[in-house]
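Understanding the architecture of this molecule
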Amino acid sequence: MQTSPAHAVHHGDREIETLEEFDAIVSSRGTLSGFRVQSVDLTDRTRELLTNDTTGAVFLGCPMRPDAAEKLRADGALVLPPVPGLPFDPYRGHLYTPGDLFASLDKGYEATPDALAYAWFQRTKADGDIFASMLRAVHDDSMSDALDELLRGARVVGVMGGHAMARGTEEFRGAARLGRALTHAGFTVATGGGPGAMEAANLGAYAAPYDDAMLDEACELLASAPSFAPSITDWARAAFEVRTRWPKGNHSIGIPTWFYGHEPPNAFASHIAKYFANATREDGLLARCDAGVVFLPGAAGTVQEIFDNATPNYYGSRGEPTPMVLVNRAHWTERLPAWPLLRSLARERSMEARIALVDRIEEAPEALKRLGG
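The rules behind these values
Residues numbered from 1 in each chain as written. Predicted model: local features only at pLDDT ≥ 70, side-chain atom pairs only at ≥ 80, totals over all residues. Heavy atoms only, no water. 1 Å grid on protein atoms, 1.4 Å probe; cavity = no way out; pocket = protein on both sides within 12 Å on 5 of 7 lines; lining within 4 Å. Points joined across faces, edges and corners; volume = space filled by probe spheres on them. Helix = DSSP H or I, 4+ residues; strand = E, 2+ residues; numbered from the N terminus. Nonpolar A, V, L, I, M, F, W, Y, C, P; charged D, E, K, R; others polar. Pairing = 2+ DSSP bridges. Contact = heavy atoms within 4.5 Å. Axes fitted to C-alpha atoms, helices over the stretch in contact; angles between N-to-C directions. Phe/Tyr/Trp six-rings, centres within 6.5 Å; stacked < 30°, edge-to-face > 60°. Buried < 20%, exposed > 50% of the residue type's maximum accessible area, 1.4 Å probe, protein only.

- Taking an unreviewed UniProt entry as the reference, the protein is identified by name as LOG family protein belonging to Streptomyces atrovirens.

**Comments concerning the layout of surface pockets**
- By volume, the largest pocket amounts to about 630 Å³.
- Lining of the largest pocket is provided by 31 residues; of these, Gly 161, Gly 162, His 163, Pro 297 and Gly 298 occupy positions nearest its centre.
- If you list the elements that add at least two residues to the lining of the largest pocket, you get helix H8 (170-184), helix H12 (278-287), helix H13 (300-315) and helix H14 (329-335).
- The element best represented in the lining of the largest pocket is H13, accounting for five residues.
- Split into classes, the residues belonging to the lining of the largest pocket amount to nine nonpolar, 11 polar and 11 charged.

**Topic: the sheet that holds strand S6 (residues 188-191)**
- Strand order in this open sheet of seven strands is S8-S7-S6-S5-S9-S10-S11, and the pairing throughout is parallel. In this open sheet, the two strands that pair with only one neighbour each are strand S8 (271-272) and strand S11 (355-358).
- Here strand S5 (residues 156-160) runs beside S6; their pairing, made up of three bridges, is parallel. Considered in S6, the bridge of Gly 158 is made with Ala 190.
- Sheet contacts for helix H9 (residues 197-206): S5, S6 and strand S7 (253-254); angle to S6, the most-contacted strand, approximately 160°.
- The strands touched by helix H16 (residues 364-371) within the sheet are S5, strand S9 (293-295), strand S10 (324-327) and S11, with S10 carrying the most contacts at an inclination of about 155°.

**Topic: the packing of aromatic side chains**
- Overall, the coordinates contain 12 aromatic pairs when judged by the stated rule.
- Between the aromatic rings of Phe 88 and Trp 120, the centroid separation amounts to 4.9 Å while the plane-to-plane angle is 70°, which identifies the pairing as edge-to-face. Taken together, the positions of Phe 88 in the loop between strand S4 (78-80) and helix H5 (98-101) and Trp 120 in helix H6 (residues 113-125) put the pair 32 residues apart, joining distant regions of the chain. For the pair formed by Phe 88 and Trp 120, the shared burial category is buried.

**Details of unusual backbone geometry**
- Backbone torsion omega between Ala 229 and Pro 230 reads 10°, so that peptide bond is classified as cis.
- Structurally, Pro 230 can be placed in the loop between helix H10 (212-222) and helix H11 (232-245).
- Here the phi dihedral of Ser 104 falls at roughly 70°; this positive angle occurs in a residue that is not glycine.
- Looking at the secondary structure, you find Ser 104 in the loop between H5 and H6.
- Classification of Ser 104 as partly exposed rests on a relative accessible area of 31%.
- For Asn 328, which is not a glycine, the phi torsion comes out positive at approximately 95°.

As structure tokens, then:
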């Protein structure tokens, strides 16, 4: 997983996303021509902007002094200024962290950037304002760009499952053990970024550097607030207590959405790509799980994800089919019989050798390995 702050420049894509990158480019190249500068505060870089060539450059949401902006436009650069009054940055160059989304949690969840962004979304999606819809689309595209940069070279396994799985249950502990086992196997764990099974898998990845006793104790601490209802604040505070007690957790990915605004993001994914458009989020999450997907018991959302993943595997539209492992035979053959349909779809196609149904969570990593994940 790429974590260097200068990853964009290292890969030659001409994006500048931090002040350190900006200074390095100015120092080494002496020109900003053709570069894309994304959400970098350039208020204290007026001299550099006035004295360097900026022909064909694009500045997205970069605060700067008026004389610098005037000079850039005269050079033929495109300058899109920051949008005032928004609870989010549509031009954001990096994914969110839990600290970003839950800032001001001490004042209650309603005061956090995550809650404020959802409230803005609720207000603006109802009035059909094209400017608001454009801002949402720009933000989501920025998320996808940052996600691609971060995951370059990573082997990503998705863990899908419902939000209803409560903390303190054996199912939650099992999903956490799965996330840890996948991380130990060298995979980057990616989830839908929400509560329940998603939080458990991200917790397991976070706990990978620690022993069994830590994971057991963390699960006990979280059980004091079993669900995000009735209080998201209490639910989130329990997670941050775990993070404070064991601060050196491993990385993983959460990809949630404000479309399901009643579901908060979990605090154990180190990198969070949060989207306004759920369709973009769903497809993007599954498309990036290049090493396979494990489907834990869930309801309508998880069923949708199974077949969203099965469709490109069926048609080969993303290349070779990726492994799909469904966990809990009774759930997927009796309660929600997705497995018989998936098996029928796969019959005599290349994806047939890439699907498996297992009874227990502990069997999932070995099944992934067997399927080629």
